[in-house]
Amino acid sequence: MVKVFSIRRYLRDLKLPFCAGCGIFTVMNAFLKSVHELEYENLSDFVFCSGIGCSSWISSPYFIADSIHTPHGRSIPVATGIKLLRPDLNVVVFGGDGDIVSIGLSHFIHAARRNLDILVIMINNMVYGMTGGQVAPTTPFKIKTATTPYGSFEQPLDAAKLAVTAGASYSARWTTSHQNELKESIKKTLQLKGFRFIEVLSQCPTAYGRKAGFRKVGEMLRWFTENAISVRQAEKIGEKELERNIVIGEFVDRRRPTIVENIYAMIEEVQRNTRQN
Amino acid sequence: MTEMKKMELTKPRSLFWQGSEACAEAAIIVGCRFFAGYPITPASEIAEHLAKRLPQVGGIAIQMEDEIASIGAVIGASWTGAKAMTATSGPGFSLMQEFIGYAFMTETPCVIVDAQRAGPSTGQATKCGQGDTMQSRWGTHGDYSSIVLSPNSVQEMFELTVRAFNLAEKYRTPVIILSDEMITHMREQITAPLLGDTDVIDRIKPTVGEKAFFGLKEVPSMPAVGEGFNVAVTGSTHDEYGIRFTTDPLVHRRLVERLNNKITNHKEEISDFEDYNIEDCKIGIISYGCTSRTIYEAVEKAEAKGISVGYIRLKTIWPFPNEIIRKLAEKAEKIIVPELNLGQIYYEVERTANGLAKVTPLNKIGGGELITPEELLAEIVK
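Residues numbered from 1 in each chain as written. Chains lettered and ligands numbered in written order. Predicted model: local features only at pLDDT ≥ 70, side-chain atom pairs only at ≥ 80, totals over all residues.

Caption draft 1: Layout of the pairing of strand β12 (residues 283–288) of chain B. Residue and element names in this part refer to chain B. Burial analysis of β12 places 6 of its 6 residues in the buried class, which makes it a mostly covered element. Neither face of β12 is open: one carries Ile283, Ile285 and Ser287, the other Gly284, Ile286 and Tyr288, and all of them are buried. The pairing of β12 with strand β15 (residues 334–339) spans 3 bridges and is classified as parallel. When the bridges of β15 are listed, glycine 284 appears paired with isoleucine 335. (Buried ≥ 20, exposed ≤ 12 C-beta atoms within 10 Å, placed from the backbone. Helix = DSSP H or I, 4+ residues; strand = E, 2+ residues; numbered from the N terminus. Pairing = 2+ DSSP bridges.)

Caption draft 2: Quick look at the interface of chain B and chain A. Each partner contributes residues to the interface: chain B has 37 residues there, and chain A has 32 residues. Of all elements in the fold, only β2 (32–37), α3 (44–56), β3 (60–63), α4 (67–78), α5 (90–106) and β10 (232–234) of chain B reach the threshold of two or more residues within the side of chain B that touches chain A. If you tally residues by element for the side of chain B that touches chain A, the top one is α4(B), at 8 residues. Residues that form the side of chain B that touches chain A fall into these classes: 21 nonpolar, 12 polar and 4 charged. Of the strand pairs in this sheet, strand β2 (residues 66–69) of chain A and β10(B) are connected by 3 bridges, and their pairing is parallel. Among the inter-strand pairings, A:Ile68 is bridged to a residue of β10(B), identified as B:Val233. (Contact = placed C-beta atoms within 7 Å. Nonpolar A, V, L, I, M, F, W, Y, C, P; charged D, E, K, R; others polar.)

Caption draft 3: Region of interest: the domain arrangement of chain B. All names here are of chain B. Under the domain assignment used here, chain B contains domain 1 (2–197) and domain 2 (274–381). Relative placement of domain 1 and domain 2: their C-alpha centres are 27 Å apart. With 24 residues of domain 1 in contact, the opposing surface of domain 2 contributes 22 residues. Where the side of domain 1 that touches domain 2 is concerned, the elements lending two or more residues are β6 (124–128), α6 (133–138), β7 (147–149), β8 (174–180) and α8 (181–185). The class makeup of the residues in the side of domain 1 that touches domain 2 is 10 nonpolar, 10 polar and 4 charged. (Domains from an automatic or database assignment.)

Caption draft 4: Here's a closer look at the sheet that holds β12(B). Residue and element names in this part refer to chain B. Strand order in this open sheet of 5 strands is β11-β13-β12-β15-β16, and the pairing throughout is mixed. Because the sheet does not close on itself, it has two edges, and the strands there are β11 (273–276) and β16 (358–363). Within this sheet the neighbouring strands show an average axis-to-axis angle of 15°, counted without direction. The pairing of β12 with strand β13 (residues 309–314) spans 6 bridges and is classified as parallel. The partner of isoleucine 286 across the bridge, within β13, is isoleucine 312. (Axes fitted to C-alpha atoms, helices over the stretch in contact; angles between N-to-C directions.)

Caption draft 5: Representation of the packing of helix α2 (residues 75–85) of chain A against helix α4 (residues 105–114) of chain A within the structure. All names here are of chain A. Relative orientation of the contacting elements α2 and α4 amounts to 35°, with a least axis distance of 8 Å. Residues Ile76, Pro77 and Thr80 of α2 form the contact with α4, whose own contacting residues are His107, Phe108 and Ala111. For the contact of α2 with α4, the class distribution of residues is 4 nonpolar, 2 polar and no charged.

Caption draft 6: Just α5(B), in detail. All names here are of chain B. Under the 1.5 Å per step criterion, the end-to-end length of α5 is 24 Å for 17 residues, consistent within 8% with the ideal 24 Å. Of all the bends in α5, the greatest measures close to 50° and is centred on glutamine 97. Where burial is concerned, most of α5 is hidden: 13 out of the 17 residues are buried. After α5 finishes, the residue glutamate 107 shows a positive phi value of roughly 55°. (Expected span 1.5 Å × (residues − 1). Bend = angle between axes of the 7 residues up to and from the residue.)

Okay, structure coming up:
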C-alpha cells in the first residue's frame, strides 16, 4: 500500500482547466483520497463516465483511467451499457447539476429506479458555469443569473431527495465545506452495490458568485457551513424554515436487488432452460 | 460461443421469417450481444425478438427510457468490446442523431436500424415511407460521412445486417441500416447462412503498450474499458491519444478529415448495388429499399414493348456510388428515380448526372402505398 497520498499518482500530467477557487478541486481531491484510502494503487478497476460541463472534466481526460466523455446529459446511459456488460468494473459518473438533473434528468431517475450499480457524484454549483452562469434547475429562488437578471422565478430541484423517491440504494448531500464527510461518503459508496448518489453543493466563484453576490470563495464556503443542517435536524423543522437551510447527510442507505444481479440471474435461468430443451 | 453454434446449426436453412426477425437473427450470428431500444412502430419487433433471443446466447437486451438512452447504452456496450445495436423509426432516429455524431467522432462501432415510416413528426406511424434518406446522410451536425445500407427483402435484411456489423467493426464507425416499414414487417422465405458460413469481421484490438487509439492509422485499433489501456474517449476534438484540443485548428482538421477519409477513401469497397443493362439502355431507373421491388415488373413490361431499360438498385446509399450512376447517365437519355418521399436521392442523382441525362423524380407519399409497376411503366414510356 502507498502510505502517502499524492493526487498526482492518479492524474495525467496535464494542466487542469478549472478556475481558481472552484469547488471541483475539493471534490476531485476527496474522490482520489477515498481511492487512496481504499488502497487502490491506480484506477484500473474503474471506468469513469461524464457528460458536458466543468464537472465532467474531473475524470476526462485528467484521470489516468478509462474515461468516457459523453454528449451533454448522457453519461448515465453510456454507464448503463458499460456496467451491464462489465459488472466487475466500478463505474463512476461525474457531472454537474445541469448535466445530471436538467438535460439528463430522466436517465438519472431511471438509473435509480433500476438500481443500476453505479456511483453518481453530482457537483451542484446551482448554475451553468461553463456557459457563463445561466439559471439551472438547482438555482435557488430569486437568485440572479445571466438568464434571470431579475432573479430566478422558479423553485429549485432537490436531487438528493428525488434519488430516494426514484429508488436509489444510497443518496447523500454534502457541501465543499464538508470535506471529510464527503470523503467518508465516497469511500463508503465505492464499496456498495446499487445506485449510489452523492450531491456536493459547490462554489462557482466565476459564474455563480459574481451574480449571486458571493464575491469571495470564503464567503460562499462560510454560507455553506452556517446554513447546513443535518437530515435529522431537518425533520424537526417546518418547510418554510427549511428554505433558508442546506440539508446535508445521508438521505437513504439501503440494500435492494440491483439490475446487474437481476439481469444475470435471468440470463443464467434462460440459458439453463434453453439447454434443457 | 460453442453453445450458440450448436443452437444455430440445428435450425433449418430455409426459413419463413419476418424482416425484423431476419435482422435480429443476423445480428446474433455476427456476434451482437447487446441491444438497447425503445418501443416504436415499425421497429419494435426487432427489440422483441432480441429480448427473447439475446439472453439465450448470454447477451443482454434492455428497453431504455428513450431512444437517446438506447443509443447511449449501445455506445457504452461497444466500449466494453461488445457488438451492439439499436433499432428505431423516424422519430427515434431523430432523437439519436446527436449520439450518432458522437459515435462517428469517437469511432465507436455500432449498428442503428431505422425502419422508416411516413413522416415528418409522428406522421403515419404504421405506414411505409422513405423520407429519412437524407437524414441518414446528414442527420447529425458537423462534418461527417455515414455508411447507410438499404435492404429490399427479408433475405437482404439478413445479409445487410451481417454486413452492417462487419463494416462498423472494420471502419470503427456507426453503420445505419435504412430499412422501412414494409421490409421490416413483411414475411418471406429466406435462406439463412449457418454460423460457419458467415464472414465475421471483428475490430482490431491494440497490443500491449499501444496508446494512439484515435489516429496515426486510418482506422486505429480499439481497446475496451477495463483492459488497462486508460483510454480517454471524448466527442470533443481530440488528438491521437484522446486528449481534448478544443481550439487548435490543425488537430481538428487532422481528426475530422481522417474520420471522413476513412469512409470516402473506401467508397468502392463499401458500395454495393445491383445493376442491369446499364451499358445499353435508353431509360434508366435508380431505386433502393421497398421502392425497388416494383422495378422488375416494370422493366419486363417495358422490354416487351421494345424499350431498352436498365436499372441500378442501391444496396448501399451512402457513400453514394457516383461512378456507376455517371456510367448510366452517359448511356441513358432519361433516368427515373422512384422514391416514397418528395424527392431526396433524386437530387443526388441529378447532381451526379450533371446534364448527361434527364433525371425525373417519381414520388409518392402517404398511406404506405408503393409506386406500382404500372405507374413506373407509364413514366418509362412517357
